[in-house]
Amino acid sequence: MIKVRYICLAAAAAVIVTLSSCSSTPTAENPSAPVASPATEAVSNNSHSGHGSKEKININTAILSELDKFEAKLGVPALSNKIQASRPYGSPEDLVTKKVITQEQFDQIKDQVSVQEVALTGEAKDVDYMSKLGLMKGHLLVARELLDQNQPKQAEPHIGHPVEEIYVDVEDQLNERKVKEFKTTLVSLQDLVKSSPKDSKVKTNFTSSVQAVDGAIAALPESQRSKPGFVLQVINELLDSANSEYGAAIANGKITAPIEYQDSRGFVFYANDLYKGISSQVAQADPEAHKAIDTSFAELIKVWPAAIPPAKAVKTPSDVTKLVKTIEENSQKVVDKSNTQAQR
């Protein structure tokens, strides 16, 4: 199922006191997802909800990657597109009245559905920003792999996703942070890969696109980008998205949606790169938690043996969910220990 996507973050309340110091380059310092959900505030339906949200998903504005959470949970093919096509919704129950899903299916997800938006503030907003840029990085990572394997047709959607869906979702924050516009850079790369994938300019444009995303990441203070607790939040947001994408890619033990498989690969591999940048600090703060996180990442990586999906899935969506949960739970231990030490 070919679709465009991204993800938003609608978080709940918690204050993260994080650890210190990490690498200083944007690609090694990037943050991670939910260890303790940050504070939010309800607003009008014009804003976007957060990418890897653990809370409710606004069915009027959520991007396809976020709606994939419902598709993966209910096992309904192309459900994300069906939800999008039936907008707008006056209430969550409209999913049933508009015959998008049955009442029985709605009962399984009703606690996750919303038509109200939230406005992120403080650290929650920064995690959302970093997570969305991390999703861009994951897409570009897998696109580069596919281009290197002379698979421009498969690479093109992953170049398209950042510009077609994610950029618009993070554009307001880019403007607020005075980040130079780079949508045109992404569009140029997408057009070039579509029209002339063997052109020597593809490599140059690709490098420029990656550098533009890294520049946007660097708009966050280095002191924040280098805090393990902050990075762990972004990592878990990326893994949450990867988990949903992987669930939507698998049917009857087979990979039936290669794009979703590739999306999840890019997110997991980039999240793993981020963890490598803070692993020594996490190991020092909580050796046991680090061992659990590191081991789980090693197992997760095996799920995606190559950018081109295998005929049979290496692990079930349930297996992947368990590994992701282990990382999230142990990330929380690191944050809790940091909080305790800070209060002494």
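Look above for the structure.
This structure is a prediction, so every number in the text was calculated from the model and none was measured. (Residues numbered from 1 in each chain as written. Predicted model: local features only at pLDDT ≥ 70, side-chain atom pairs only at ≥ 80, totals over all residues. Heavy atoms only, no water.)

1. A closer look at the pattern of salt bridges
The tally for this structure, following the rule as stated, stands at twelve salt bridges. In this structure, the salt-bridge partner of Lys132 is Asp128, at a minimum N-O distance of 2.8 Å. With Lys132 and Asp128 both in helix α6 (residues 122-148) and four residues apart, the pair spans about one turn of that helix. A salt bridge links Arg265 to Glu145; its shortest N-O distance comes to 2.6 Å. Note that Arg265 is positioned in helix α12 (residues 258-285) and Glu145 in helix α6, a separation of 120 residues in sequence. Using a relative accessible area of 5% as the deciding quantity, one classes Arg265 as buried. (Salt bridge = Lys/Arg side-chain N within 4 Å of Asp/Glu carboxyl O. Helix = DSSP H or I, 4+ residues; strand = E, 2+ residues; numbered from the N terminus. Buried < 20%, exposed > 50% of the residue type's maximum accessible area, 1.4 Å probe, protein only.)

2. Things to note about helix α13 (residues 287-302)
One full turn of an α-helix is made of 3.6 residues, so residues set three or four places apart face in the same direction. Over its 16 residues, α13 runs 23 Å from end to end, which matches the ideal 22 Å to within 8%, given 1.5 Å per residue. Those residues of α13 that fall on the buried side of the exposure criterion are Ala289, His290, Ala292, Ile293, Ser296, Phe297 and Leu300. One side of α13 carries all its buried residues, which in axial view fall inside an arc of 165°. Exposed residues lying more than 90 degrees from the buried face of α13 are Pro287, Glu288 and Lys291. (Expected span 1.5 Å × (residues − 1). Arc of directions from axis to C-beta.)

3. Section: the environment of Ser226
Within the element layout of this structure, Ser226 appears in the loop between α10 (222-225) and α11 (228-249). Note on Ser226: relative accessible area 8%, which makes it buried. Sequence spacing of Ser226 and Gly277 is 51 residues, and the spatial spacing of their C-alpha atoms is 8.7 Å. Of note is the side chain of Ser226, whose polar atom sits 2.8 Å from the backbone oxygen of Glu222. (Polar contact = N/O pair within 3.5 Å; in protein donor to acceptor, adjacent residues only side chain to side chain.)

4. A look at the packing of aromatic side chains
Summed over all chains, the structure comprises three aromatic pairs. Their ring planes at 85° and their centres at 5.0 Å tell us that Tyr167 and Phe182 sit as a pair that is edge-to-face. Within this pair, whereas Tyr167 is found in helix α7 (residues 152-176), its partner Phe182 is found in the loop between α7 and α8 (183-195), the two being separated by 15 residues in sequence. Accessibility assignment for this pair places Tyr167 and Phe182 in one class, buried. Note on Tyr246 and Trp304: the rings are 5.4 Å apart at their centroids and 70° apart in plane angle, and the pair reads as edge-to-face. With Tyr246 in helix α11 and Trp304 in the loop between α13 and α14 (317-343), the pair connects residues that are 58 residues apart, well separated along the chain. What makes Tyr246 buried here is its relative accessible area of 0%. On the accessibility criterion, Trp304 (1% relative accessible area) is buried. Over the ring of Tyr89 we find Lys98, and its NZ or CZ is 5.1 Å from the ring centre. Arg265 extends its terminal NZ or CZ atom over the ring of Phe269, reaching a point 4.3 Å from the ring centre. (Phe/Tyr/Trp six-rings, centres within 6.5 Å; stacked < 30°, edge-to-face > 60°. Lys NZ or Arg CZ within 6 Å of the ring centre and 35° of its normal.)

5. Section: the environment of Ala271
Take Ala271: it is sitting in helix α12. On the accessibility criterion, Ala271 (0% relative accessible area) is buried. Each C-alpha atom of the pair Ala271 and Leu232 lies 9.1 Å from the other, and the pair is 39 residues apart in sequence. In this view, Ala271 contacts Ile235, Leu238, Leu239 and Phe297; residues no more than four positions away in its chain are not counted. (Contact = heavy atoms within 4.5 Å.)

6. Things to note about the packing of α7 against α8
At a minimum axis separation of 9 Å, α7 and α8 run at an interaxial angle of 155°. Between α7 and α8, the crossing angle belongs to the class labelled roughly antiparallel. In terms of crossing hand, the pair formed by α7 and α8 is left-handed. Listed contacts from α8 to Pro152, Glu156, Ile159, Gly160, Pro162, Val163, Glu164 and Tyr167 of α7 are Lys183, Leu186, Val187, Leu189, Gln190, Val193 and Lys194. Within the contact of α7 with α8, the residues separate by chemical class into nine nonpolar, two polar and four charged. (Axes fitted to C-alpha atoms, helices over the stretch in contact; angles between N-to-C directions. Parallel < 35°, antiparallel > 145°, perpendicular 65-115°, else oblique. Left-handed = near helix turned anticlockwise from the far one by under 90°. Nonpolar A, V, L, I, M, F, W, Y, C, P; charged D, E, K, R; others polar.)

7. A look at the packing of α7 against α12
Each pair of packed helices can be summarised by the angle the axes make with each other and by the distance between the axes. Contact geometry for α7 and α12: axes closest at 11 Å, N-to-C directions at 60°. Our classification of the angle between α7 and α12 gives oblique. Crossing hand, α7 versus α12: right-handed. For the pair formed by α7 and α12, the contact residues are Gln154, Pro157, His158 and His161 on the first element and Ile259, Gln262 and Asp263 on the second. Of the residues contributing to the contact of α7 with α12, the split by class is two nonpolar, four polar and one charged.

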